[in-house]
Amino acid sequence: MPADIRGLIFDLDGVITDTAEYHFRAWKRLADEEGIPFTRADNEALRGLSRRESLNQMMKGAPLDETTAQAWMVRKNDYYLEWLQDITPDAILPGVPSLLAQARAMNLRLGLGSASKNAKLVLDKLGMHDTFDVVGDGYSVVNPKPEPDLFIWVAGGLGVYPTQAVVFEDAEAGIQAARHGGFWSVGLGDAVGSLSHLRLPSLANAVLKDILASL
Ligand code: B16
Ligand code: MG
């Protein structure tokens, strides 16, 4: 177990809540309107990627001029925001409130590191606007995951070194970002490979002391 853990950094989509379904529906609607083949399996590859990189992946190498790309990203986001209106605190994933409470009881600092430019809106909808000491989102740094910049930015705000922080992620790009930055990492669900220090199916019934002991 790492001796000196002082902070936890959580990804948002896929860890705190599951907005992936809404991202999928929004990309799918855009793709259908534009006659681009796009399946649920295609969407899995977009997990954790920035909006721009998601569009690049959806295009699968087909050319797209910049003006159209910008307009399509606005359209996709408008569709996403429509569905986001439905989100309530009930959408917080099982185990999250308990894990956060355990972390607070251990005096750990709490950060959010999400690629999403809508992260603060999502936190508001979940009733979690004051849950995290530092919120890093799609506006915080230039280089998205799998670069480590976002998590380093959050760790700096928390006042902890990467070696003193554990990142919780559901996407391979996020685990890579954590590892590149020198963080401890917990991978959640099926989309993460073997790169994380610990893999769990989800945070349901998670016991923080046990997680830290298994790193
Ligand atoms: P937006 P995370 C990511 O959130 C999503 O997993 C990914 O599907 C999305 O493309 C990305 O945010 C950007 O989101 O279009 O709202 O800026 O997993 O990093 O919390
Ligand atoms: Mg995620």
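Up top is the structure these notes are about.
These notes cover the structure that comes with them. (Residues numbered from 1 in each chain as written. Chains lettered and ligands numbered in written order. Predicted model: local features only at pLDDT ≥ 70, side-chain atom pairs only at ≥ 80, totals over all residues. Heavy atoms only, no water.)

**Side note on the site of ligand 1**
Taken together, 16 residues surround ligand 1, and among them Ser114, Ala115, Ser116, Lys117 and Asn118 come closest. One nitrogen or oxygen atom from the main chain of Leu12 is found 3.2 Å from an oxygen atom belonging to ligand 1. Separating an oxygen atom of ligand 1 from a backbone N or O atom of Gly48 is a distance of 3.1 Å. Protein coverage of the free-state accessible area of ligand 1, which is 470 Å², stands at 97%. The pocket occupied by ligand 1, as judged from atoms lying within 2 Å of grid points, is the largest pocket. Looking at the shell around ligand 1 residue by residue, the classes come out as 4 nonpolar, 6 polar and 6 charged. The residues that make up the shell around ligand 1 include at least three from each of domain 1 (7–17 + 89–214) and domain 2 (20–84). (Near = heavy atom within 4 Å. Polar contact = N/O pair within 3.5 Å; in protein donor to acceptor, adjacent residues only side chain to side chain. Areas by Shrake-Rupley, 256 points an atom, 1.4 Å probe, with all protein chains shown as cover. 1 Å grid on protein atoms, 1.4 Å probe; cavity = no way out; pocket = protein on both sides within 12 Å on 5 of 7 lines; lining within 4 Å. Sits in = over half its atoms within 2 Å of the grid points. Nonpolar A, V, L, I, M, F, W, Y, C, P; charged D, E, K, R; others polar. Domains from an automatic or database assignment.)

**Details of the nonpolar core**
Judged by nonpolar contacts, the single largest core of 52 residues is most densely connected at Leu8, Phe10, Ile16, Met128, Phe132, Phe168 and Leu203. When residues of this core are assigned to domains, at least three map to each of domain 1 (7–17 + 89–214) and domain 2 (20–84). Beyond its immediate sequence surroundings of up to four residues, Phe132 is in contact with Phe10, Ile16, Leu100, Leu110, Gly111, Leu112 and Leu123. Grouped together as the second largest cluster of nonpolar side chains are 12 residues, Ile9, Phe151, Val167 and Ala178 included. (Core = buried A, V, L, I, M, F, W, Y, C linked by side-chain atoms within 4.5 Å. Buried < 20%, exposed > 50% of the residue type's maximum accessible area, 1.4 Å probe, protein only. Contact = heavy atoms within 4.5 Å.)

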